[in-house]
Each structure stands twice: as structure tokens, then as C-alpha cells.
Amino acid sequence: MRGEFGYDIMFVAALMKSFSSAVSTHFGFVVGTILPMVFIGVALGLGFYRLIDDPETLPLLLSVGCFMAGIPACICPIPFTIVLMITFSFQLGAYQATPIFVAAISSHLTTCGCGLLLKLLRL
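Predicted, not measured: the structure shown is a model, and the values here were computed from it. (Residues numbered from 1 in each chain as written. Predicted model: local features only at pLDDT ≥ 70, side-chain atom pairs only at ≥ 80, totals over all residues. Heavy atoms only, no water.)

## Considering the packing of aromatic side chains
Summed over all chains, the structure comprises 4 aromatic pairs. Both rings, one in Phe11 and one in Phe48, keep their centres 5.2 Å apart while their planes meet at 65°; by these two values the pair is edge-to-face. Of this pair, Phe11 sits in helix H1 (residues 7-26) while Phe48 sits in helix H2 (residues 34-52), and the two are 37 residues apart along the sequence. For Phe11, a relative accessible area of 24% gives the class partly exposed. For Phe48, a relative accessible area of 31% translates into the label partly exposed. By the ring-pair criterion, three or more aromatic residues cluster together here, those being Tyr7, Phe11, Phe48 and Phe67. Lying across the ring of Phe39, Lys17 places its NZ or CZ 6.0 Å from the centre. (Phe/Tyr/Trp six-rings, centres within 6.5 Å; stacked < 30°, edge-to-face > 60°. Helix = DSSP H or I, 4+ residues; strand = E, 2+ residues; numbered from the N terminus. Buried < 20%, exposed > 50% of the residue type's maximum accessible area, 1.4 Å probe, protein only. Lys NZ or Arg CZ within 6 Å of the ring centre and 35° of its normal.)

Rendered as C-alpha cells:
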């Protein structure tokens, strides 16, 4: 385990990245929206992979890919673009990209909603 980061370091890195992005934005610095969230997703995915520590149960690419797509997709209204970015970056096929697609769409619909509930309540 020497030279490897544990899950606690990954969770702290994700927390500190979100904190530093918020402080930088608050003080007027120009901070991107998507790439800091991609980093937070990678750190959280790697942290959960290290926490579970069983490649049979949770493969590394699945953990990192789903968190990498889910975190930015909950804020930005571009879940398809995020999924395509991850799929083409890692050169994934349809079988490997399906859970990443589900993670991005469910994250986006959970936070932003699809408008169905509001339509039903207006009737």
C-alpha cells in the first residue's frame, strides 16, 4: 500500500476541491464549472473504489466513470455530452458506457427534474 492514496485522502481531496472552487468563485476569480466537478467525481469514485476494495464487486472504471458523469450532470444540463466525453476519453463500448449513462441521467433527473410532476400538479 506504500505510495497509494487511501479512501480518506480521496474524500478529503474532493471536499477541498469543492471548497477551493467555492472560495475562488466567491472572491471573484474565474473558475470553470465542469472540470472541477469532473475532478471531484474522479476523487469520489476512486475513494469509493478504495473503500469497498473488491474489484469483483465494484470495478475501478465503473466507479470512477459513474461518479465522473454523475457529479457534473447534476448541475449542468448536458448529461449526454458528459457521457460522450467520458465514453470517448476511455474508449468504452456500449456495454461499459450503459451504467455511466444511467448514472448521468438519474443524477440529472434527480436534481433538475423532468417537469412531469409539475405538469401533473397543474391539472
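## Here we look at the nonpolar core
Counting residues in hydrophobic clusters, the biggest one holds 13 residues, and the most contacted among them are Met68, Ala69, Ile82, Ile86, Ile100 and Ala104. When residues of this core are traced back to their parent elements, those giving at least two are helix H3 (60-73), helix H4 (79-90) and helix H5 (94-112). Ranked by the residues each element gives to this core, the list is headed by H3, at 5 residues. The residues contacting Ile82, other than those within four sequence positions of it, are Met68, Ala69, Pro72 and Ala73. (Core = buried A, V, L, I, M, F, W, Y, C linked by side-chain atoms within 4.5 Å. Contact = heavy atoms within 4.5 Å.)

It is worth stressing that arrangement in space is one thing and function is another; only the former is reported here.
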